[in-house]
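# Notes for the structure review
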Amino acid sequence: MVHSPRGERLTRSALVARHRPGSRFALSLRQAGRHSPAGLARLGVAAVVVLLLVVPPACFLIQAVSPRLFDQGASWLTWSNVSTAFTDGLGRALLDSVAVSLGAGLLAVVCAAGLAFISERTTAPGRGLLVVALWAVLLVPSYLVAVGWEEIVLKSGLLASMGLWNHKIQQTVLGPVGVAFVLGFKGTPFAYFALAPSIGALGGDIENSVRVHGGGRLDTIRVIAPLLLPALMSGFVIVFAESIGDFGVATTIAASAHFPVATYTLYESISTFPANFGVAAVVGWSLIGTVALALVLQNGLMRSRSFAVVSGRSRASAPRSLSRTGNTVAVGFAAALFGASLGVPLLGVVSSSLLVPFKGLHLSSFTLSNYKGLLGVSGLSGPIRFSAEIGLVCGLATVTLGAVLARTMASSRKGLAGKVLDMALLVAVALPGVVFAAGYIFAYNLPFLAHAGIDLYGTVPLLGMAYVANSIPQSSRIMLGPFSQIHDSLLHAARVHGAGWARSWRSGVLPLLARPLLWAGLLAFSGLFLELPISELLAPPGVIPVSVAILSVLGKANIGQGTALSVVAVAFTLGVVGVCLGLFRLIAPPGWRHWQRPAPSREPSVESDAPTAATPRSESASRSDLVGVS
Amino acid sequence: MSAVEVADLTKAFGSKIAVDNVSLDVAPGQFVVLLGPSGSGKTTLLRCIAGIERPTSGRLGIGGVEMDGPGTHLPPEKRDLAMVFQDYALWPHMTAEQNVSFALRRRRYNTDERRSRSLLALAQVGLAGLEGRYPGQLSGGEQQRVALARALVAEPSLLLFDEPLSNLDADRREQLRVDIGAMVRRLGAAAVYITHDQAEAFALADVVGVLDRGRLVQLAAPETVYRDPASEFVARFTGLAGELEGVAGGFDGSHLTVDVSGHEIYGRPMLGEPPERGTPVRVLIRPTAAHFGGPDSPQPRSRNVAPGLSLSNGSANGSSPPRATLDAVALDSAFRGWGYDHVIELSGGRRLSGIPHSQRLRFESRAQIVLSADGCLVFPTYQPPRRTGL
């Protein structure tokens, strides 16, 4: 006998009589008409994302062919902006961008493959430090790496102080080769995180099966290399896309070497007076189109072939012990790579901030005057404070919204809203920051918004919105992996055993996501603290973010003070990261930190079978999840 | 008052109907096993009972209180039940004890009592001393025991099991099956347990419900399901040695003669009235109905059937059921410890498997197969759509 909550007694026949199911068609109609609260929430999230991520760039990009749509010209449909853009040198800039990005992609993939092999397949010393170093490369913005190299090779730089300055070296570094190398080094972490799990997970059985069937080492490589193709391709495409959309190197090395690239062309179109949004939009389209082309090519290569090498039964091969020479080569390779991507440029920046120019390399040529000067120069401590505050607020907003989006996308039943979201975020990942910034400038400067009382143009909130919108795609992708790996059953188990919705999340799931959320937050904060293109284009008058301040001081030829500010900014970022990680170690309950640890050796217990597939994922998998690459 | 009462429950995902108009009663203390292949809707039905899924239509009551109905849906935490998940669903950041004591929070015990009850529950499942371990530091079997302790510790009136043994190896599966059966019965709770393993279902269940494409096609005691399957699907899913096509012959009131390629065999007509003479029929043969003929051959045994199932029910008039003997060729033999299971081929190429013999028969050696009428289930080849529920 069933009772309703109101105590009504309902017999079986009464139940059946009261509710007779209709046809299947009627059933689906009922379903379609009923929206669950979760479905409505997903729809709401999708709407926010579309408004934040899609509408501003779309309003801007449509200007390429339809300036009249937003009263920016006379034509509803015109190709004049396209022809103007190409007449103004877009073709050359685009070719340059593609060329250096191809070079950067190749370099990054080769470097990353080497590092991944060392970390995943060998017992070379210092493997644990590789990931830390890669995160450091990831945290330092490209314009600082570029400035660091400039400060090494310029006539007033470190090489000159050491008496080693050479015109050819300067020409090589401050030219297309240097641009490609800096972008390649900067992209190496992305390629590594795409490659390492695959290299680590290539089952030992695959190698063994080649060997037992008579294959030598060369045959093994021949068999394994094609299996790595998806990882190689995705690593390459990620770096290519990052490089095409890069603004930091474009505005430093490329600009001072008069080597035009597409992002800088876009910047020039909207930063000169009068701003030409139509031409800028054409450049934006060309950037997006190039990345899209790379993705299409990647999909074409992957189509109709199976590269699945990881299954529940896969057995990873044991790391190989290297000989002394092998260890030396491995350590040397990693040291050279990180030296070029981080060590040398940081040395350049630090030396430039500490050395008096053209005085050689003596004890007397070292000075702290640039750092002292920072305190004295009006407004230079302000940027650090402003960027820290907005980085904190926007970083928290990014992680919160990014987590909601990651959860929505990871949900097994994401529905139409989830699919729209997925697509919007994928497109947004490919959108360079400079296009985002241009979109926000254009969209929030439209007269009808001001008439409607939405007057955000030239305000800090708009800068914050653009920061969040630009960071969300990356942040949500970073968290997508960890969120995807959380089985719904953990939530269901908590609900079934008496916990409400909020406590199920708080007790059952969030502790497992604490570390990825922390890393995503730190990455968002670091990225926003040192962010360049949006800051450059959207910072309201009187507000100077750190990156703008650095480039502004450097632009005034006050190199020492600019590099000193860079050093302080980077040190501040690393300090915040270090403090947060330290606090996590100190404050987080043991279970939050130790649940991924393997079983300790113990006496045989009731059962002695090894931990099963239900045990947590491997270290390398978690690392790849952290950057959202699988 | 039923522990669980499900009335005309349907659950659809978009246009796909996962559970189709299922009705089901579970009495207090009753152990119901829902059996079906993957995709049959058993997990969805269980999740509807748990409150994880919201039914599209129909009603569901637990302990006499309506949980789901038009305009009503109580969330899982309000249903006062416990569940053991297929993937264990242990929180990896909590120790075994913390996992177990989580389920006690709704019981409003103080910390000491929660701890002592959790430790007792862990001891009962054989995990004393491992309470400080995290799930990642336990074996698969140990993890599932923690999940079992978590489900039992709060002594709920309803326990749900979602294929809890499917991730374990054979030894552990059997151990844990016995423990689950004993502990649930000791607790006196009603249980709904889903599995795709008929042996597991027959061993545990008071009542077996067989699901096929979202429909509950039979709900009965294990013996009934085995002896009188409601459909060919149920018969196949609960274990067959093989199938033969034939033509219905005479009916003697309890057994039907079937002509199979010129050989006469006997069987029990299913689905009510025996088919008319000359009607095409299909004979589904239980493994217990087939054995080798000849002086050295063993008699049919209760292999592959859970303890307690009696299969030699004899014919309606009390005499031994009629038997038929067919010529066969041995194709394969598998050592099973007690003897050998054989696959044989009858004339016409039809195969029967799982035929026992104490000796290994050589490949392609000739033999005689005896088919006992009680285990030969005769279905008409054409069956009108039929729904067998409660």
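Reading the values: the criteria
- Residues numbered from 1 in each chain as written.
- Chains lettered and ligands numbered in written order.
- Predicted model: local features only at pLDDT ≥ 70, side-chain atom pairs only at ≥ 80, totals over all residues.
- Helix = DSSP H or I, 4+ residues; strand = E, 2+ residues; numbered from the N terminus.
- Buried ≥ 20, exposed ≤ 12 C-beta atoms within 10 Å, placed from the backbone.
- Contact = placed C-beta atoms within 7 Å.
- Pairing = 2+ DSSP bridges.
- Axes fitted to C-alpha atoms, helices over the stretch in contact; angles between N-to-C directions.
- Core = buried A, V, L, I, M, F, W, Y, C linked by C-beta atoms within 7 Å.
- pLDDT = per-residue confidence, 0-100.

### A few points about the overall build of chain A
Looking only at helices and strands, chain A has 30 helices and two strands in total. Taken across its 630 residues, chain A has 44% of its residues classed as buried. Considering only residue pairs separated by 6 or more positions, chain A has 80% of its internal contacts joining residues 24 or more positions apart.

### What to know about the overall build of chain B
Along the backbone of chain B there are eight helices and 21 strands. Judged by the C-alpha coordinates and their principal axes, chain B covers about 75 × 50 × 40 Å. Across the 390 residues in chain B, those meeting the buried criterion constitute 54%. Expressed as a percentage of contacts within chain B between residues at least 6 apart in sequence, the contacts between residues at least 24 apart total 66%.

### As for unusual backbone geometry
Residues and elements named next belong to chain B. The phi dihedral of alanine 89 is positive, around 50°, even though this residue is not glycine. Relative to the helices and strands, alanine 89 resides in the loop between strand 7 (82-84) and helix 2 (96-102). Its 26 C-beta neighbours within 10 Å are what place alanine 89 among the buried residues.

### Quick look at the sheet that holds strand 15 (residues 280-285) of chain B
Residue and element names in this part refer to chain B. Strand order in the closed barrel formed by five strands is 12-13-14-21-15, with mixed pairing between adjacent strands. Averaged over neighbouring strand pairs, the angle between their axes works out to 55° when direction is ignored. Note that strand 15 and strand 21 (residues 376-380) share five bridges and pair antiparallel. Counterpart to leucine 284 in the pairing with strand 21 is leucine 377.

### Digging into the environment of leucine 168 of chain B
All names here are of chain B. Summarising the element assignment, leucine 168 is placed in the loop between strand 8 (158-162) and helix 5 (170-187). In this structure the C-alpha to C-alpha distance between leucine 168 and glycine 141, which are 27 residues apart in sequence, comes to 6.5 Å. Setting aside residues no more than four positions away along its own chain, leucine 168 makes contact with Gly140, Gly141, Gln144, Arg173 and Leu176.

### With respect to the nonpolar core
Note that soluble globular proteins tend to have their nonpolar side chains buried in a common cluster. By size, the foremost hydrophobic cluster in this structure holds 283 residues, and its most contacted members are Ala438 and Ala466 of chain A together with Ile285 of chain B. Broken down by element, the residue count for this core peaks at 14 residues, all from helix 10 (residues 176-201) of chain A.

### Points about the pairing of strand 1 (residues 4-13) of chain B
Residues and elements named next belong to chain B. With nine of ten residues buried, strand 1 lies mostly within the body of the structure. With seven bridges connecting them, strand 1 and strand 2 (residues 16-26) associate as antiparallel partners. When the bridges of strand 2 are listed, valine 6 appears paired with leucine 24. As consecutive antiparallel partners, strand 1 and strand 2 are separated by two residues, and within that stretch glycine 14 has a phi angle of approximately 65°, a positive value.

### Details of the confidence of the model for chain A
All names here are of chain A. On average, residues of chain A carry a pLDDT of 77, and 81% of them reach 70 or more. Within the model, pLDDT remains below 50 along residues 310-314, and this stretch shows four contacts once partners closer than five positions in the same chain are excluded. Long-range and interchain partners of residues 600-630, a stretch whose pLDDT sits below 50, account for 65 contacts in this model, where long-range means more than four residues apart.

### Re the confidence of the model for chain B
The predicted coordinates should not be examined in detail at positions where pLDDT is low. All names here are of chain B. With 91% of its residues at a pLDDT of 70 or more, chain B has an overall mean of 87. Scored below 50 in pLDDT, residues 299-317 shows 43 contacts in the model against residues more than four places distant or in partner chains. Two summary scores accompany this predicted model of the complex, namely pTM at 0.71 and ipTM at 0.76.

### With respect to the sheet that holds strand 18 (residues 340-346) of chain B
All names here are of chain B. Spatial ordering of the open sheet is given by 16-20-17-18-19, a layout of five strands whose pairing is antiparallel. Across the chains shown, the open sheet's two edge strands, defined by having one partner strand only, are strand 16 (290-292) and strand 19 (351-357). Within the sheet, the average angular offset between the axes of one strand and its neighbour, ignoring direction, is 45°. Pairing analysis gives three bridges linking strand 16 to strand 20 (residues 366-372), with the strands arranged antiparallel. Each residue of the ladder has a partner; that of histidine 291, found in strand 20, is valine 370.

### Brief notes about helix 1 (residues 42-50) of chain B
Residues and elements named next belong to chain B. Counted residue by residue, helix 1 has nine buried out of nine residues, so it is predominantly covered. All of the buried residues along helix 1 are Lys42, Thr43, Thr44, Leu45, Leu46, Arg47, Cys48, Ile49 and Ala50. Within two residues after helix 1, glycine 51 carries a phi angle of roughly 90°, on the positive side.

### A look at the pairing of strand 20 of chain B
Two strands pair when backbone bridges link them, and strand 17 (residues 323-335) of chain B and strand 20 of chain B are joined in this way by seven bridges, in the antiparallel orientation. Paired with leucine 326 of chain B across the strands is isoleucine 369 of chain B, a residue of strand 20 of chain B.

### Details of the environment of alanine 328 of chain B
All names here are of chain B. You can see alanine 328 is positioned in strand 17. Judged by C-beta crowding, with 25 C-beta atoms within 10 Å, alanine 328 ranks as buried. For the pair formed by alanine 328 and isoleucine 344, sequence separation is 16 residues and the distance between their alpha carbons is 6.1 Å. Among residues more than four places away in sequence, those in contact with alanine 328 are Ile344, Glu345, Leu346, Ala367, Gln368 and Ile369.

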